[in-house]
Every structure is written in structure tokens, then in C-alpha cells.
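Structure at a glance
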Amino acid sequence: MARITTLSRFALWLLLAPLAHAAAPTQDEVVARAAVLYADRLAERIIDHDAYFTARVRRIADVLIAQARRDYPDTANWAWEVHTTDDPDQNADCMAGGKILVSKAYVERLLLNDDELAMLLAHEIEHAALHHNWHEYQAALRLDPAWEQRSFLELEHAVDHDRTLMAKLAATNYAQEEAADREGLKLAWRAGWPAERLSGYFRKMMRASDSPRLSKADYPSPTQRWRAAQAVAADLQKK
Ligand SMILES: [Zn+2]
């Protein structure tokens, strides 16, 4: 009897397996979806308003993107894009597939010099190069398999809005922030920036923060990030 039950469960699994993973996107699907969302974000903002600032960001981003293309071969064929906005509610980000948006307001608020701006961009580029969105979806489906029954679009919304799921993903997000800091610093260093100067970004971020010592479940504190960057920089300078 038990054997029949096992067999029929297996048959059922075979039948439902393709549907059960409706929400599990491939990396290509994540990249395609990011391109759509990025186009929407650009359409609803004034972009590249300050030609000088945009040229400055692109000059630095181009060097980092060239390095990423060498270090992460699957990013070589991406349609990388770099745009700027004056939107004070944006900081900087790089969506899957290399879609970068940088806020002039954020860079000015922190008074970032070119080395520090390189660190900011390198951190964001690493989120994309390391496929962090795709890994986040994988983690969500592993931690809360009920999401396998839902669509990718529902899952995409949930990772940023469903508090229960977000709590489960906090450790994943925390680790991704640490990885983007560490690997971003190394990426920019390989591209030619002095490690010590790159780490200066984290000092400015810490000084601009209202609560520099406050870590969240999904985010290391600015103080921790500054200490970690100093350790990575010291290590690189020995090489
Ligand atoms: Zn980040």
C-alpha cells in the first residue's frame, strides 16, 4: 500500500513539475524583465539632464564595465546602459543585465570624488554581475516553496513588498550587500583604482548617515561596511 502511495505521488509530481516551478525564472528571464522595468523608470523621469555629470559617471562606469566584461564573461554580451537622474529619492543601482541609474543628488549629498564614485558604481555593478536578483528569487523559492505555485511577476513584487518573505530573505540580502562591497572594491582595484581611495566611499557614507552603527537584518551598518572595506583595501595593498 505504501509502495502504491509513493508511486502515485511520483506520478503526480511528474505531472505537476512543470507547473510547480512557474515562478522560478531563469537568469535570461530576470535580465529581460529588468530591461522592461528600466525602460519604465527612465520614461517616468528626466534623465541625463546634467551633461557634465552624466559624462563623468559614464567615463568611470565605462572602465568598470570593461573590467566586469573581462572578469564575468557572461556579462560581455549584455546591453549595458548608464543614465543619470536628478531624482533625490534615488541613490544608484545596477539592474540585472547591466542597467545603471545614478542620482546626481546622492553623489552631491555625499560629496563623492571620482574614486568614491567608482566604488559606488562598482558595488552596483557587482549586484548585477553576481546575479543577485536571480539568486534572491532562488532563495525565496527555497525558503518559502509556496511561491513556486505563483507567477514570476508575483514573486518579483513579493521580494520587495511581502513582509513575511522579506524577513526570510533578510540574511540573503545582508550577504549580498557584503559581497557587492567586497567584490566591488576588488573589481575597481583590478581596473586600476587605488584600494585605499575606493574605501573612502564608505567613510563618507558612514559620516552622512543618521545612524551609522545601526545594522538591519538585511543590511550591514555603515560603520561595519567602512571597517570591512578598510580590511579589504589593506589586504589588496599588500599585493
Ligand atoms: Zn547594494
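Rules used throughout
- Residues numbered from 1 in each chain as written.
- Predicted model: local features only at pLDDT ≥ 70, side-chain atom pairs only at ≥ 80, totals over all residues.
- pLDDT = per-residue confidence, 0-100.
- Contact = placed C-beta atoms within 7 Å.
- Axes fitted to C-alpha atoms, helices over the stretch in contact; angles between N-to-C directions.
- Helix = DSSP H or I, 4+ residues; strand = E, 2+ residues; numbered from the N terminus.
- Parallel < 35°, antiparallel > 145°, perpendicular 65-115°, else oblique.
- Nonpolar A, V, L, I, M, F, W, Y, C, P; charged D, E, K, R; others polar.
- Pairing = 2+ DSSP bridges.
- Buried ≥ 20, exposed ≤ 12 C-beta atoms within 10 Å, placed from the backbone.
- UniProt positions renumbered as here; feature names shortened; annotations may be inferred.
- Core = buried A, V, L, I, M, F, W, Y, C linked by C-beta atoms within 7 Å.

1. Digging into the confidence of the model for the chain
Per-chain confidence: the chain averages 92 in pLDDT, with 91% of residues scoring 70 or above. Per-residue pLDDT stays below 50 along residues 13-20; that stretch engages in 2 contacts with residues further than four places along the chain or on separate chains.

2. Some details on the packing of helix 5 (residues 114-129) against helix 9 (residues 195-208)
Closest axis-to-axis distance for the helix 5/helix 9 pair is 7 Å, and the angle between their directions is 80°. Considering the angle they form, helix 5 stands roughly perpendicular to helix 9. Contacts between helix 5 and helix 9 involve Asp115, Glu116, Ala118, Met119 and Leu120 from the first element and Arg197, Leu198, Gly200, Tyr201 and Lys204 from the second. When the residues that make up the contact of helix 5 with helix 9 are grouped by side-chain class, the tally is 5 nonpolar, 1 polar and 4 charged.

3. A closer look at the sheet that holds strand 1 (residues 81-85)
Reading across from one edge, 1-3-2 is the order of the 3 strands in this open sheet, with mixed pairing throughout. The sheet is open, and its two edges are formed by strand 1 and strand 2 (92-95), each paired on a single side. When strand polarity is set aside, the average angle formed by the axes of neighbouring strands in this sheet is 15°. Inspection of the sheet shows strand 2 paired to strand 3 (residues 99-103) by 4 bridges, in the antiparallel sense. Across the sheet, Met95 pairs through a bridge with Lys99, a residue of strand 3. Against the sheet, helix 2 (residues 27-43) touches strand 1, strand 2 and strand 3, its axis set at about 30° to strand 3. This element, helix 5, spans strand 2 and strand 3 of the sheet and lies at about 25° to strand 2.

4. Observations concerning the environment of Ala51
Inspection of the secondary structure puts Ala51 in helix 3 (residues 51-71). Given 9 C-beta atoms within 10 Å, Ala51 falls into the exposed group. Each C-alpha atom, one on Ala51 and one on Asn113, is 17 Å from the other, the two residues being 62 residues apart in sequence.

5. Remarks on the UniProt feature "domain: Peptidase M48" (unreviewed entry) in the chain
Feature annotation in UniProt places "domain: Peptidase M48" (unreviewed entry) on residues 55-202, given in this structure's numbering. With 66% helix and 9% strand, residues 55-202 has end C-alpha atoms that lie 23 Å from one another.

6. Considerations on the nonpolar core
Grouped together as the largest cluster of nonpolar side chains are 41 residues, with contacts concentrated most on Leu64, Ala118, Ile125, Leu185, Ala188 and Leu198. Those elements that place two or more of their residues in this core are helix 2, helix 3, strand 2, strand 3, helix 5, helix 8 (163-190), helix 9 and helix 10 (222-237). Not counting residues up to four positions away in its chain, the partners in contact with Ala188 are Leu64, Ala118, Met119, Ala122, Trp193 and Leu198. One finds Ala23, Tyr137, Leu155 and Leu169 within the second-largest nonpolar core, a separate group that totals 7 residues.

7. Some points on the environment of Leu42
Among the structural elements, Leu42 can be located in helix 2. Overall, Leu42 belongs to the partly exposed group, with 16 C-beta atoms counted inside 10 Å. Remark: the alpha-carbon pair of Leu42 and Thr84, spanning 42 residues in sequence, is separated by 9.2 Å.

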